[in-house]
Amino acid sequence: MPGDIAVCIKQVPHPDCLAKLSLDAARGTVNREGVPAVINPVDRNAVEASLRLREKLRNRVIALTMGPPAARKALEDALAMGADYAVHLCDRAFAGADTLATARALAGGIRSTGGIALIICGNTTIDSGTGQVAAQLAEMLDFPCVTDIEEIMPEDGASLLVKRAWEQGDIRVRVRLPAVLAVNAKINQPRLPNVLDIMAARQKEIKEWCAADAKVEAGCVGLAGSPTQFWQAGEFHARRQGEILRGSPDEMVAAAVDKLKKLELI
Ligand SMILES: Cc1cc2nc3c(=O)[nH]c(=O)nc-3n(C[C@H](O)[C@H](O)[C@H](O)COP(=O)(O)OP(=O)(O)OC[C@H]3O[C@@H](n4cnc5c(N)ncnc54)[C@H](O)[C@@H]3O)c2cc1C
């Protein structure tokens, strides 16, 4: 496959700490203070998929993120996993981006990197989880896009075979390169870097690019370039009418079934 692999990773709050997040309704942002950040879990599968392809195809793997200065840590983790170098799209102009503005910035980063034959994303993030970025990125670059991928099989230099999830089983798709693929968590088990990997990663380059470096106009990215904007957030408070059934197990089951039937739930 002529060309490199770009793997898009987003830094998100740690999955175990999602309950600690709150929405700042006034500013339209998620309040992440005091919550540790990690690579979006399925983006680690995307990094792993890129590294396994590199073993077969011998191209370079470039980790790419758009995010604040703290997102550099996500790139360091991807480098420790084995990515060759990283690009950090970091500029105040990128702040407040919706998915379209995010995809514009990433597309700019990919164009400016040059020589990319394959872009691998996660299917969706755990913080906002729109699942839109991969498809928007493909549209902007005029690349084909396949989502929900569980397996990638290199074919020849010009195409890949991929297996994607389907309600009744799976579908195999042949996709011409260059392409954008979005993977799901079933694709692999991401590797855990050891101390030597972490030390080796310190020697690898992280390019820090502003909007001008990515050749995107500041007005097309971030809040200024976002046609969707946070409007209002409401928190869902589940209110349950608790009722404890008493009696023998058989009596309790019979009473529960009776109640569910009356509520026309079964
Ligand atoms: C609660 C909430 C709801 C939101 N709803 C919307 C909405 O409906 N529409 C909208 O336009 N925006 C929405 N946003 C804004 C959205 O979170 C941002 O645009 C974000 O940068 C990308 O969206 P996502 O996380 O949903 O990406 P997804 O499309 O779920 O991400 C898929 C993959 O794209 C890649 N990717 C995504 N972001 C980055 C990044 N910054 N750097 C590198 N790779 C990346 C990763 O590989 C990721 O796994 C919402 C934000 C919040 C907090």
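Check the entry above for the structure.
Cut-off values and rules
Residues numbered from 1 in each chain as written. Predicted model: local features only at pLDDT ≥ 70, side-chain atom pairs only at ≥ 80, totals over all residues. Heavy atoms only, no water. Helix = DSSP H or I, 4+ residues; strand = E, 2+ residues; numbered from the N terminus. Buried < 20%, exposed > 50% of the residue type's maximum accessible area, 1.4 Å probe, protein only. Contact = heavy atoms within 4.5 Å. Areas by Shrake-Rupley, 256 points an atom, 1.4 Å probe, with all protein chains shown as cover. Lys, Arg positive; Asp, Glu negative; His and termini not counted. Charge placed at Lys NZ, Arg CZ, Asp CG, Glu CD. Near = heavy atom within 4 Å. Polar contact = N/O pair within 3.5 Å; in protein donor to acceptor, adjacent residues only side chain to side chain. Nonpolar A, V, L, I, M, F, W, Y, C, P; charged D, E, K, R; others polar. Pairing = 2+ DSSP bridges. Axes fitted to C-alpha atoms, helices over the stretch in contact; angles between N-to-C directions.

K.L.:
Help me understand the overall build of the chain, please; the structure alone is not making it clear to me.
P.N.:
The number of helices and strands found in the chain is six helices and 13 strands. By its C-alpha atoms, the chain is 70 × 45 × 40 Å across when sized along the principal axes. Counting the 266 residues in the chain, one finds 39% classified as buried. Taking all contacts inside the chain whose residues are at least 6 apart in sequence as the whole, residues at least 24 apart take part in 71%. Of the accessible surface of the chain, which amounts to about 15300 Å², a share of 52% is contributed by carbon and sulfur atoms. Charge-centre separation for the chain: the mean point of 32 positive side chains lies 2 Å from the mean point of 33 negative side chains.

K.L.:
Looking at this structure, how should I read the site of the ligand?
P.N.:
Surrounding the ligand, one finds 27 residues, the nearest of these being Lys10, Asp43, Asp98, Ser128 and Thr130. Taking alanine 97, its main chain carries an N or O atom lying 3.0 Å from an oxygen atom of the ligand. Computed on the free molecule, the ligand has an accessible area of 940 Å², of which 82% lies beneath the protein chains in the complex. Mapped onto the shell around the ligand, the elements with two or more residues apiece are strand 6 (61-66), helix 3 (99-113) and strand 8 (116-122). In terms of residue class, the shell around the ligand is made up of nine nonpolar, 14 polar and four charged.

K.L.:
Looking at this model, I keep getting lost on the sheet that holds strand 8. Mind explaining?
P.N.:
The strands that make up a sheet pair up through hydrogen bonds in the backbone, lying either parallel or antiparallel. An order of 11-10-9-12-8-1-6-7-13 is seen for the nine strands of this open sheet, with the pairing classed as mixed. In the strand order of this sheet, the two ends are held by strand 11 (169-176) and strand 13 (206-209), each with one partner. Pairwise comparison of adjacent strand axes, ignoring direction, gives a mean angle of 35° for this sheet. Across the face of the sheet, helix 1 (residues 41-57) comes into contact with strand 1 (4-8), strand 6, strand 8, strand 9 (145-154) and strand 12 (179-183) while running at roughly 150° to strand 8.

K.L.:
Looking at this structure, how should I read unusual backbone geometry?
P.N.:
Among all residues save glycine, negative phi is the norm, and among peptide bonds the norm is trans. The step from leucine 177 to proline 178 runs through a cis peptide bond, and the omega angle for that step is 0°. Checked against the element boundaries, proline 178 lands in the loop between strand 11 and strand 12.

K.L.:
How should helix 4 (residues 133-141) be read in this particular structure?
P.N.:
Quick reminder: α-helices carry 3.6 residues per turn. Residues three or four places apart thus point the same way. Those residues of helix 4 that sit buried are Ala134, Gln136, Leu137, Ala138 and Leu141. On its buried face, helix 4 is in contact with strand 1, helix 3, strand 8, strand 9 and strand 12. Positive backbone phi, at 60°, marks aspartate 142, one or two positions downstream of helix 4.

Taken by themselves, the reported measurements are silent on function.
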